[in-house]
Amino acid sequence: MFQSIKSYIAGFWPGPVSPELKKSVESTIESSKILVYSKTYCPYCTATKDLLNKYGVDYKLIELNTTSDGGDVQRALHEISGQRTVPNIFINGKHIGGNSDLQALESRGQLKDLLAV
């Protein structure tokens with residue numbers, strides 16, 4: 001019985017991502033000053049992009065729903081950051097969190113300095 005439940009669950013959550021993909025995602029994070037993993041239809045992602053655009057900063061944007069390996073990249077991000085959702089935001093190689101975390105930085109007056117604008 002437990003084997004069938006385990007098999008059922010595995011169908012919804014595949015195993016770990018390849019070490020190569022994880023290393024590639026980590027490299028992208030390290031080489032980008034501001035990096036946002038997003039989905040085009042996500043309202044929280046739109047709010048994040050709007051806030052960054054307000055400051056006129058350049059940022060790398062990866063829309064996971066428009067790339068063929070977006071699901072795998074999102075799983076790699078979960079392994080790296082512990083966050084399953086988008087937007088998944090990194091500044092200077094540091095995981096910031098999601099939109100609510102970015103908005104909180106803005107509310108506390110810390111975002112501008114972090115973005116160095």
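Residues numbered from 1 in each chain as written. Predicted model: local features only at pLDDT ≥ 70, side-chain atom pairs only at ≥ 80, totals over all residues. Heavy atoms only, no water.

Within an unreviewed UniProt entry, the label attached to the chain reads Glutaredoxin domain-containing protein, and the organism entered is Candida metapsilosis.

Thoughts on the environment of Val73
Operational definition: Helical segments are the DSSP runs of H or I of at least four residues, strand segments are the runs of E of at least two, and each set is numbered from the N terminus.
On the secondary structure map, Val73 appears in helix α4 (residues 70-81). Separated by 48 residues in sequence, Val73 and Val25 have C-alpha atoms that sit 7.1 Å apart.

Quick look at the packing of aromatic side chains
Our working rule: Ring geometry is summarised as follows: Phe, Tyr and Trp rings, the Trp one being its six-membered ring, pair when their centres sit within 6.5 Å, and such pairs are stacked at plane angles under 30 degrees, edge-to-face over 60 and tilted between the two.
For the structure on display, the rule yields 1 aromatic pair. Pairing Tyr37 with Phe90 gives two aromatic rings, centres 6.3 Å apart and planes at 85 degrees, and the pair type is edge-to-face. Separated by 53 residues along the polypeptide, Tyr37 in strand β1 (residues 34-38) and Phe90 in strand β3 (residues 88-91) bring together distant segments of the chain.

Observations concerning the side chain of Ser38
To be explicit about the condition: Think of it in three bands: with a 1.4 Å probe and only protein chains considered, a residue is buried below 20% of the maximum accessible area for its type, exposed above 50%, and partly exposed in between. Polar contact criterion, stated in full: a pair of N or O atoms within 3.5 Å, where within protein one must be able to donate a hydrogen and the other to accept it, and residues adjacent in sequence count only if both atoms are side-chain atoms. Two residues form a contact once any of their heavy atoms are found within 4.5 Å.
The topology assignment puts Ser38 in strand β1. Taking the relative accessible area as the measure of exposure, Ser38 reaches 0% and is therefore buried. A polar contact is formed between the side chain of Ser38 and the side chain of Lys49, at a distance of 3.4 Å. The contacts of Ser38, once residues within four sequence positions are left out, are Cys45, Lys49, Leu61, Ile62, Glu63, Leu64, Asn65 and Val86.

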